[in-house]
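Each chain is listed here by its residues.
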Amino acid sequence: MTQVEDAAVAPAPADQKNTPSVGARPGGSSRPGPGRGLIGRLNAAVAGAPVVFTDAAVVSFAIWTLLYHLNLGLNLRPSVIFLVWVVLQPVAAYAAWRLRRRDVVTRHSGDGEAVTERAEAPVDRASLLRRYALPVVAAIGAAIFASFGTGTLSWWLATGFGLVAVVSAWLALPRAGRPSDADAAPAVRATTPVQGYVVLAVSLAAAYFATLINRVSLDDVFYVGKSVWVAERDNIPFRDFLFTEGVLPGGSANPPLPSFEVFIGALARALHIHTASVLWYLLLPVLAVFVVLALWRLVQRWAPRRPLVVFGVAMAYILLVAHYADALNTYHLPRLTQGKSVFVHGLIPLAWVYLTDYLERRSRRALVLLVLLSVASVGYTTTAVILLPLLAAAAGVTLLVTRRWREAVVCFLAASAYPLLSGVLVQLLRGGLEGAVTTYTQLLPLRTIYELTLWLGILGLIGGLAVWWSPFLLRRGVPQQLAVGAALAVTVLMVPGLLKVGGDLSGLTAVLWRVPWILPVPALVGVLAVIRLPGLTQVNRVLAVALPVVLVFVFYTQGRPMWYGGTLVESKPTWRMPDNRKAASFWIKKLDRPAGLVLAPSSMMRALPQVTTEVRVVLPRDLYLTDYGMETQFAQDRLLLAKFADGEAVSIPAVAEAMGRVGVGMVCVWKGNTTVAEVAPTLGLEPFASRKAPGAMVCYRVGAPGSATGGS
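As the structure is a prediction and not an experimental result, all values here were calculated from the model. (Residues numbered from 1 in each chain as written. Predicted model: local features only at pLDDT ≥ 70, side-chain atom pairs only at ≥ 80, totals over all residues. Heavy atoms only, no water.)

Draft legend 1. Just the sheet that holds strand β4 (residues 697–702), in detail. With respect to topology, 4 strands assemble into an open sheet ordered β1-β2-β4-β3, the strand pairing being mixed. Strands with a single pairing partner mark the edges of an open sheet, and in this sheet they are β1 (597–599) and β3 (685–691). Ignoring which end each strand starts from, the neighbouring axes of this sheet average 25 degrees apart. Across 6 bridges, the pairing between β3 and β4 is antiparallel. (Pairing = 2+ DSSP bridges. Helix = DSSP H or I, 4+ residues; strand = E, 2+ residues; numbered from the N terminus. Axes fitted to C-alpha atoms, helices over the stretch in contact; angles between N-to-C directions.)

So, in structure tokens, the structure goes:
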């Protein structure tokens, strides 16, 4: 009987000529001859760049994170940790080379698994219909109800159909106990030089484009502000550094686990360059290259055929469907300077790559890299404490079903042990407010959670099909099994009520909307472009061209690109800060300021902490007040003063009292704000400095209310 996976997944003859044979060198070429030695080495280097660069980045940042976490007990200065990290880099490079060499020798000394995939066999359409009709139709129903439905009933139907789709797809897959058995051996694939040049060009273009995007994130006041503190003061701010200088607890936005912001500050201090310049001109391009290469590696490992097409469609999806503030693809180029963005678009794809390599090849190197990836993930974001164990559990479910108990345990521990241990230790060692984790919002509605990762409407339909069809669209064997686990885990957790129960038990309600992040959605969407119908050669030739074109057209017409809305793309690399705010911030920093806090327009008070810690502002961001009680005098005074500086109508006597309680020493407003100028004598504000555009402002010293020349 025809094997469904052969007809649906096996490469066509045109694809097979790119499949390396036994003994072929990585990159698809044999040992270069005398006449092309230099070109051969260059091609090999380019073809190997995605693996070398991404793996090296994981190892390097894992070492930094380990040093940082060790220093939580030692309390050394960040500059000292950074020096130790630099010294350890050659040692890490040598260890990685030895491990890679041993892994290659072990693999080649085996029985030569995975030479080619099966050729296309005759098609038994009746058999295909029996095995695939239910998962295909159920997935369509799930995607329709999730993307277009309204109300609780439609969501119950969406998750119900989704569960039917995943389970029936799992039952339709081959029941071989081990995907590395002879009858299910995966094809050994290495990036070819042509593919390497294309992917490298795309990653470099993305790196340059990332520096041109001027899309401001309100969270930058915390992430960049923390790095600026480290660079200027050479210490780690475990307590509050935005409202006070360590007087208040750190709050839920500042847990001790992430090491990313401290690394940026230490690097900026070592280079003697402003932190924001290091972040947006140096690290941002490097991170852009990293996440693009990580996407390619997953596509290259999971795509059943034409990986470059899958990669191109996935990149188009990322660029063209990325407008909403918290949508998945918005965490790509526009927000890569935040650790959670690197985690979801770089480390999540690589986690699936390492799991695939370990399960298919028994690669010890992949297992070690998975462990180091778990360490690095915690260094990027506390979200990893939740998502990596969930990802590992999703993979472990399929392994347990196939009775691969040992591998299920090994994979789960490799990916989860460090995040879970870190999370438990933080909860045990910190109490009260300092032990809270993002408690300032409630659990989002399930349809909103779906929308933020998979969208709604036509785009949501595409995203849903990509997820629920993935078990039989990916390359057969381990990729299909891992897709089953990931899709099943997310679908089960989206059943009404389950996430709420999980949030109530864990106290992590506000971040559970990120649960679908374990799905490598861009790669799965890209795979839709290479769907092939078994036995329909002429139709498949049309689909090979039509599907990628139609998908990109839908992205372009239905989505909004990451640069949508105003002048978000500059003509040259820029800080993620408008020029007027940047200029005014440096101007305020250079003023001979009186003692006390600076009151300025809200946008300026978010910008100043990203420039310097020397200027202390009244309200860096109102959201962070939630940790200290929105109804307290502390919060209400700051909210009132921010409204006053923004030009809103407020009670002037209340402003005077709040200024005294908060300790305002200087008030700076835009020159267009005539309200402050009118009440300045009443409040005892004496103008002492002004500047022209860009960032035209006037600043006042705070003196005695009603005085003609308010002193400092």
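From this point, the narrative continues.
Draft legend 2. Main features of the packing of helix α6 (residues 151–172) against helix α18 (residues 478–493). Closest axis-to-axis distance for the α6/α18 pair is 10 Å, and the angle between their directions is 160 degrees. With respect to their mutual orientation, α6 and α18 come out roughly antiparallel. Judged by the twist between their axes, the crossing of α6 over α18 is left-handed. Seen from α6, the contacting residues are Thr159, Gly162, Leu163, Val166, Val167 and Trp170; seen from α18, they are Gln481, Val484, Ala487, Leu488, Thr491 and Val492. (Parallel < 35°, antiparallel > 145°, perpendicular 65-115°, else oblique. Left-handed = near helix turned anticlockwise from the far one by under 90°. Contact = heavy atoms within 4.5 Å.)

Draft legend 3. Inspection of the pairing of strand β2 (residues 664–670) at higher detail. Of all the 7 residues making up β2, 6 are buried; the element is thus mostly covered by neighbouring parts of the structure. Bridge count for β2 against β4 is 5 bridges, and the pairing is antiparallel. Pairing of cysteine 668 across the sheet is with cysteine 699, part of β4. (Buried < 20%, exposed > 50% of the residue type's maximum accessible area, 1.4 Å probe, protein only.)

Draft legend 4. Up close: the nonpolar core. Ranked by internal contacts, the top residues of the largest apolar core, which has 163 residues, are Trp64, Leu347, Trp352, Trp468 and Phe555. Among the elements that take part in this core, helix α10 (residues 275–302) stands out by supplying 19 residues, more than any other. With sequence-adjacent residues up to four places away left out, tryptophan 352 is seen in contact with Leu298, Trp302, Leu391, Ala395, Leu482, Ala486, Ile518 and Pro520. (Core = buried A, V, L, I, M, F, W, Y, C linked by side-chain atoms within 4.5 Å.)

Draft legend 5. Representation of the confidence of the model for the chain in the model. Put simply, the chain has an average pLDDT of 86, and 86% of its residues get 70 or more. Looking over the chain, one finds the lowest element-wise mean pLDDT in helix α1 (residues 4–9), namely 37, and the highest in helix α20 (residues 521–527), namely 98. Below a pLDDT of 50 lies the segment residues 1–35, which in the model reaches 66 contacts outside its immediate sequence neighbourhood of four places, other chains included. In this model residues 105–119 is a low-confidence stretch, pLDDT under 50, and it forms 31 contacts with partners more than four residues away in sequence or in other chains. (pLDDT = per-residue confidence, 0-100.)

Draft legend 6. Fine view of the environment of glycine 559. Mapping glycine 559 onto the fold places it in the loop between α21 (537–558) and α22 (579–590). Residue class for glycine 559 comes out buried when judged on its relative accessible area of 11%. Taking the C-alpha atoms as reference, glycine 559 lies 9.5 Å from leucine 319; in sequence the two are 240 residues apart. Not counting residues up to four positions away in its chain, the partners in contact with glycine 559 are Leu320, Leu459 and Val554.

Draft legend 7. Focus on the pattern of salt bridges. Under the counting rule described, the total for this entry stands at 15 salt bridges. The shortest N-O distance in the salt bridge between glutamate 407 and arginine 404 comes to 2.5 Å. (Salt bridge = Lys/Arg side-chain N within 4 Å of Asp/Glu carboxyl O.)

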